[in-house]
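Residues per chain, in single letters:
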Amino acid sequence: MSMAPTAARSGLLACEVCRLVSHAPPPGSDAYCPRCGAMLHTRKPASLARTWAFLIAAIILYVPANTLPIMDTSSLFGTQSDTILSGVAFLWTSGSFVLASLVFFASVMVPLAKMIALAVLAGSVQMRSVRHQRTRTRLYRIIEFAGRWSMLDIYVVTILVALVQVSTFASIHAGPGAAAFGAVVVLTMFAAASFDPRLIWDIQEKES
Amino acid sequence: MSSPTFVACLECDLLHRQTQLPSGGEARCTRCGALLYRHAPPDANERALALALTACILFVVANVYPIVGLEVQGTHTSSTLFGAVESLWDDEARTVAVLVFFTTIFVPAAELIGLTWVLVTLRQGARGRGAVPILHFIESVKPWGMVEVFLLGVLVSLVKLAHIATIEPGVALFSFGALMAFIAAAAAAFDPDAAWKQLETIR
Ligand SMILES: [Zn+2]
Ligand SMILES: [Zn+2]
């Protein structure tokens, strides 16, 4: 099989900001884009190590994000703490099936699927897998796009706190789970940004 | 020195020769299917400027007026987006307050002002102060602008509140809806390649 003509193989560097393709400088010296001045890398630096570091931090924080309350409601009838899941259950039992599914998908499924997908991507590159490269690249594209929707519950809490804080019959406060949950979203976004999908394709080129 | 007729796929590194696309066309990587570049009409950045300016006005409206009002037993409350961030800050939820401020106010504002500034200076044929660092900055903060997610969050919270109170959607709610559409339209219309080429010739 002939080697695919990639930029790296041709001694070229692609700018990730303005996309100009330029000649790589001699090894050992830093490369800058001749058009926009951005620093150029053949591959994202320390891609796998950074991806794993952010991912493991996200997995650890995923536990408090789901077990600690994201919202405390106090009213005349006492105090109620809501986790992400009990918030979904509330929407479901009050008949908002579409919204309950939406919040469940954005807050529970998306972060979980994103963390699993990142582990699969980083792991398969480390195991030098040459299978399903196109599918894995597509998977990366999807998680890069979908991760942001997990912020949904953070914004729900924001609006509820702002509106119900001062009213006479009840008050709503953000719980410690909200910060943990926000951190999970931010960390998985950093993890996805650190992963370089070009690594998926480098392996075949070295071995075939 | 450089080879401007080549474009490298950012997702699999495959090199492609850049070709003239038909109107509305887009080029995708032959190996992994990633988007390489789009056909941009010659007036793409004129359109992007008009859309970005409109978005700037909508951004101001969306932040000045209350997003939503609430009436419970005769008591009326309402909040702007910044007011909501302040509530979180005062509520000791400072991490969350910073995150909300950054993703719904700071990044969208910086992105819109930066894009407008760059497009205005390019239109005047001037290099403009800081066009290159501004474009770098926009590129790096882009994933953190989350107006559309915020809007969905507002809608979900309205449904939750509808059980306990009377909801009065505010002016800003509709402005945010329009803002979301105009930010997306401006980003889609913007032709960064033309902007970079123009910046290069001015230099
Ligand atoms: Zn560049
Ligand atoms: Zn590709």
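In this text the structure is predicted, and so the values were computed from the model without any measurement. (Residues numbered from 1 in each chain as written. Chains lettered and ligands numbered in written order. Predicted model: local features only at pLDDT ≥ 70, side-chain atom pairs only at ≥ 80, totals over all residues. Heavy atoms only, no water.)

## Things to note about the overall build of chain B
Then step 1. Within chain B, the secondary structure is distributed over seven helices and seven strands.
Then step 2. When the elements of chain B are put in sequence order from the N terminus, they spell out β-β-β-β-α-β-β-α-α-α-α-β-α-α.
Then step 3. Taking 17 Å as the expected radius of gyration for a compact globule of 203 residues, we find that chain B reaches 21 Å, considerably beyond that expectation.
Then step 4. Out of the 203 residues belonging to chain B, those deemed buried represent 49%.
Then step 5. Residue pairs in contact within chain B that sit at least 24 positions apart in sequence constitute 59% of those at least 6 positions apart.
Then step 6. Accessible surface for chain B amounts to roughly 9600 Å². Of this, 62% is attributable to carbon and sulfur atoms.
Then step 7. For chain B, the distance from the average position of its 13 positive side-chain charges to the average position of its 17 negative side-chain charges is 11 Å. (Helix = DSSP H or I, 4+ residues; strand = E, 2+ residues; numbered from the N terminus. Rg over C-alpha atoms; globule rule 2.2 N^0.38 Å. Buried < 20%, exposed > 50% of the residue type's maximum accessible area, 1.4 Å probe, protein only. Contact = heavy atoms within 4.5 Å. Areas by Shrake-Rupley, 256 points an atom, 1.4 Å probe, with all protein chains shown as cover. Lys, Arg positive; Asp, Glu negative; His and termini not counted. Charge placed at Lys NZ, Arg CZ, Asp CG, Glu CD.)

## Observations concerning the coordination of the zinc ion (ligand 1)
Then step 1. At this site the zinc ion (ligand 1) is bound by Cys15(A) (SG), Cys18(A) (SG), Cys33(A) (SG) and Cys36(A) (SG), with donor distances of 2.2 to 2.3 Å.
Then step 2. Around the zinc ion (ligand 1) sit four donor atoms, and with donor-metal-donor angles ranging over 103 to 115° the site reads as tetrahedral. (Donors = N, O, S within 2.8 Å, 3.2 Å for Na, K, Ca; no water. Tetrahedral: all angles 85-135°; square planar, octahedral: opposite > 155°, others 65-115°.)

## Points about the sheet that holds strand 5 (residues 71-75) of chain A
In a beta sheet, neighbouring strands are held together by backbone hydrogen bonds and run either parallel or antiparallel to one another.
Residue and element names in this part refer to chain A.
Then step 1. Taken together, the three strands give an open sheet; going across it, the order is 6-5-7, and neighbouring strands pair in antiparallel fashion. The sheet is open, and its two edges are formed by strand 6 (78-82) and strand 7 (170-174), each paired on a single side. The average angle at which neighbouring strand axes cross in this sheet is 15°, direction not considered.
Then step 2. The pairing of strand 5 with strand 7 spans five bridges and is classified as antiparallel. Looking at strand 7, one finds that Ser74 is bridged to Ser171. (Pairing = 2+ DSSP bridges. Axes fitted to C-alpha atoms, helices over the stretch in contact; angles between N-to-C directions.)

## Considerations on the coordination of the zinc ion (ligand 2)
Then step 1. Within the first shell, the zinc ion (ligand 2) binds the protein through Cys9(B) (SG), Cys12(B) (SG), Cys29(B) (SG) and Cys32(B) (SG), at distances of 2.3 to 2.4 Å.
Then step 2. Here the zinc ion (ligand 2) binds four donor atoms, and the angle range of 100 to 115° at the metal identifies the geometry as tetrahedral.

## Describing the domain arrangement of chain A
Residues and elements named next belong to chain A.
Then step 1. Its domain assignment divides chain A into domain 1 (1-42) and domain 2 (45-207).
Then step 2. With eight residues of domain 1 at the contact, the number on the domain 2 side is four residues.
Then step 3. In total, domain 1 and domain 2 occlude about 520 Å² of area from one another, counting both sides; carbon and sulfur atoms represent 41% of this.
Then step 4. Summed over the shared surface of domain 1 and domain 2, the result is one salt bridge.
Then step 5. When the shortest N-O distance is used, the salt bridge between Arg198 and Glu16 registers 3.3 Å.
Then step 6. Residues of the side of domain 1 that touches domain 2, tallied by class, amount to three nonpolar, three polar and two charged. (Domains from an automatic or database assignment. Buried area = accessible area lost by both parts, 1.4 Å probe. Salt bridge = Lys/Arg side-chain N within 4 Å of Asp/Glu carboxyl O. Nonpolar A, V, L, I, M, F, W, Y, C, P; charged D, E, K, R; others polar.)

## Overview of unusual backbone geometry
Then step 1. Even without a glycine there, the phi angle at Ala46(A) is positive, about 45°.
Then step 2. Structurally, the position occupied by Ala46(A) is in the loop between strand 4 (39-40) and helix 1 (47-67).

## Description of the environment of Phe174(B)
Then step 1. Relative to the helices and strands, Phe174(B) resides in helix 6 (residues 171-189).
Then step 2. Sequence separation of Phe174(B) and Thr103(B) is 71 residues, and the distance between their C-alpha atoms is 19 Å.

## Focus: the nonpolar core
Then step 1. Met151(A), Ile67(B), Leu88(B), Phe150(B), Phe176(B) and Leu179(B) are the most contacted members of the largest nonpolar core, which totals 101 residues.
Then step 2. Top element by residues in this core is helix 3 (residues 97-126) of chain A. It accounts for eleven residues.
Then step 3. Counting residues in each nonpolar core, the second largest holds 26 residues, with Cys15(A), Leu115(B), Ala186(B) and Ala195(B) among its members. (Core = buried A, V, L, I, M, F, W, Y, C linked by side-chain atoms within 4.5 Å.)

## Digging into the domain arrangement of chain B
Then step 1. Taken domain by domain, chain B holds domain 1 (1-39) and domain 2 (41-202).
Then step 2. Computed from C-alpha coordinates alone, the two centres of domain 1 of chain B and domain 2 of chain B are separated by 30 Å.

## Comments concerning the packing of aromatic side chains
Then step 1. The full count for this structure, using the stated rule, is eight aromatic pairs over all chains.
Then step 2. Ring geometry for Phe54(A) and Phe190(A): centres 5.3 Å apart, planes at 25°, overall stacked. Of this pair, Phe54(A) sits in helix 1 while Phe190(A) sits in helix 6 (residues 176-194); the two residues are 136 residues apart in sequence, bridging distant segments of the chain.
Then step 3. Among the aromatic residues, ring-to-ring pairing joins Phe54(A), Phe190(A) and Trp144(B) into one connected group. (Phe/Tyr/Trp six-rings, centres within 6.5 Å; stacked < 30°, edge-to-face > 60°.)

## Re the sheet that holds strand 5 (residues 68-72) of chain B
Residues and elements named next belong to chain B.
Then step 1. Reading across the sheet, the three strands line up as 6-5-7 and stay open at both edges, with antiparallel pairing between neighbours. At either end of the open sheet lies a strand with only one pairing partner, and these are strand 6 (75-79) and strand 7 (166-169). The mean angle between the axes of side-by-side strands here comes to 20°, regardless of whether they run parallel or antiparallel.
Then step 2. Taken together, the four bridges between strand 5 and strand 7 define a ladder with antiparallel strand orientation.

## Comments concerning the packing of helix 3 of chain A against helix 5 (residues 147-161) of chain B
Then step 1. The interhelical angle for the contact between helix 3 of chain A and helix 5 of chain B, taken along N-to-C directions, is 135°, at an axis separation of 11 Å. By the criterion of interaxial angle, the relationship of helix 3 of chain A to helix 5 of chain B is oblique. Relative to helix 5 of chain B, helix 3 of chain A is oriented so that their crossing is left-handed. Every residue of helix 5 of chain B that contacts helix 3 of chain A at Leu99(A), Leu102(A) and Val103(A) is listed here: Leu152(B), Val156(B) and Val159(B).
Then step 2. Class assignment for the residues of the contact of helix 3 of chain A with helix 5 of chain B results in six nonpolar, no polar and no charged. (Parallel < 35°, antiparallel > 145°, perpendicular 65-115°, else oblique. Left-handed = near helix turned anticlockwise from the far one by under 90°.)

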